Amino acid sequence: MSLPVGSYVVDVRNGRVGRVMGHEGPYVQLRPIGGGREWDCPPEGVRPATDAERISAATSYVNARSRGEVP
């Protein structure tokens, strides 16, 4: 499965939602919603995120930012 850059996916190993930033070697490079450090995931370790998962992750980030927990 080829994941387009910019699509939202779930890393099935840990449940994190990320945005596809690119492909490097055998890995998909993901960045968390709201920014932050990218991580690598094997292509078989991701699946497309549902709208509900994407919205939930974005809401969690916005709430954490409002509490001053993230920049």
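First, a word on scope: everything that follows refers to the structure included in this document.

This next bit is on the sheet that holds strand E5 (residues 46-48). The strand order across the open sheet formed by five strands is E4-E3-E2-E1-E5, and the pairing between neighbours is antiparallel. With partners counted over all chains shown, the strands left at the sheet margins are strand E4 (39-41) and E5, one partner each. Looking at each pair of strands side by side, their axes are set apart by 50 degrees on average, direction ignored. Pairing between strand E1 (residues 8-11) and strand E2 (residues 16-24): four bridges, direction antiparallel. Along E2, the bridge assignment pairs Val10 with Val17.

A separate point is the side chain of Ser7. Its location among the elements puts Ser7 in the segment before E1. There is a polar contact of 2.7 Å between the side chain of Ser7 and the backbone oxygen of Pro4. Look past the residues within four positions of Ser7 in its chain and what remains in contact with it is Gly18, Arg19 and Val20.

We now examine the pattern of salt bridges. Taken as a whole and assessed by the stated rule, the structure comprises four salt bridges. Between Asp11 and Arg13 there is a salt bridge, with its nearest N and O atoms 2.9 Å apart. Put simply, Glu53 and Arg47 hold a salt bridge, and the shortest N to O gap is 2.6 Å. For Glu53, a relative accessible area of 24% puts it in the partly exposed group.

A word on the nonpolar core. Membership of the largest hydrophobic core is limited to eight residues, which are Leu3, Val9, Val20, Val28, Leu30, Trp39, Cys41 and Val46. Of all the secondary structure elements, the ones that give two or more residues to this core are strand E3 (27-32) and E4. If sequence neighbours within four positions are ignored, Trp39 has contacts with Asp11, Arg13, Arg16, Val17, Gly18, Val28, Gln29, Leu30, Arg31 and Pro32.

Turning to the pairing of E3, a few remarks are in order. Residues in a regular strand project their side chains so that they alternate between the two faces of the sheet. Here E3 shows a clear split, with Val28, Leu30 and Pro32 buried on one side and none of Tyr27, Gln29 and Arg31 buried on the other. Note that E2 and E3 share six bridges and pair antiparallel. Across the sheet, the residue bridging to Arg19 is Arg31, located in E3. The turn linking E2 back onto E3 is made up of two residues, and Gly25 within it adopts a positive phi angle of 60 degrees. Where E3 lies against E4, three bridges are found, and the strand directions are antiparallel. If you follow Leu30 over to E4, its bridge partner there is Trp39. The loop that links E3 with its antiparallel partner E4 comprises six residues; one of these, Gly34, has a positive phi angle of about 95 degrees.

The rules behind each value
Residues numbered from 1 in each chain as written. Predicted model: local features only at pLDDT ≥ 70, side-chain atom pairs only at ≥ 80, totals over all residues. Heavy atoms only, no water. Pairing = 2+ DSSP bridges. Helix = DSSP H or I, 4+ residues; strand = E, 2+ residues; numbered from the N terminus. Axes fitted to C-alpha atoms, helices over the stretch in contact; angles between N-to-C directions. Polar contact = N/O pair within 3.5 Å; in protein donor to acceptor, adjacent residues only side chain to side chain. Contact = heavy atoms within 4.5 Å. Salt bridge = Lys/Arg side-chain N within 4 Å of Asp/Glu carboxyl O. Buried < 20%, exposed > 50% of the residue type's maximum accessible area, 1.4 Å probe, protein only. Core = buried A, V, L, I, M, F, W, Y, C linked by side-chain atoms within 4.5 Å.

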